[in-house]
Amino acid sequence: MNHEHETCPACHQRHTPRSDAELRQLKNRISRMTGQLNGIGRMLDENRYCGDILIQISAVQRALQNFGYAVLQSHMEACVAEELRQGNDEIIGETVELMKKLK
């Protein structure tokens, strides 16, 4: 049996792959947030002022929320649109639940 193309039953896969440009942009955003989190760790090591750390935490939160919105937009433009074209109206409820989780 060839398991090369099998995925776990609980995992979802996009029908439409992300473009190289979109994937690169999303990964760059993740890298920047990782850098910000590492910077917060260094601030703790340096015993920096709490207010400065809180400002950086706020910046990471905003960056992560914006990242989520970018993924949501892509989801709606590709996955949701495709499911609606195929007649799957249940995708609307799923998307609403995903939007609630972003907040």
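Residues numbered from 1 in each chain as written. Predicted model: local features only at pLDDT ≥ 70, side-chain atom pairs only at ≥ 80, totals over all residues. Heavy atoms only, no water.

**Q** Give a description of the packing of helix α2 (residues 50-85) against helix α3 (residues 90-102) that names residues and reports values.
**A** How two helices pack is summed up by the angle between their axes together with the distance between the axes. With their axes 11 Å apart at the nearest point, α2 and α3 run at an angle of 180° to one another. Our classification of the angle between α2 and α3 gives roughly antiparallel. Contact with α2, carried on its side by Gln65, Gly68, Tyr69, Leu72, His75, Met76, Val80, Glu83 and Leu84, involves Ile91, Ile92, Glu94, Thr95, Leu98, Met99 and Leu102 of α3 and no other residues of that element. Across the contact of α2 with α3, the residue classes tally to 10 nonpolar, 4 polar and 2 charged. (Axes fitted to C-alpha atoms, helices over the stretch in contact; angles between N-to-C directions. Helix = DSSP H or I, 4+ residues; strand = E, 2+ residues; numbered from the N terminus. Parallel < 35°, antiparallel > 145°, perpendicular 65-115°, else oblique. Contact = heavy atoms within 4.5 Å. Nonpolar A, V, L, I, M, F, W, Y, C, P; charged D, E, K, R; others polar.)

**Q** Residues and numbers for unusual backbone geometry, please.
**A** Positive phi values are uncommon outside glycine, yet Asn47 reaches one of about 55°. Looking at where Asn47 falls in the secondary structure, it is placed in the loop between α1 (20-45) and α2.

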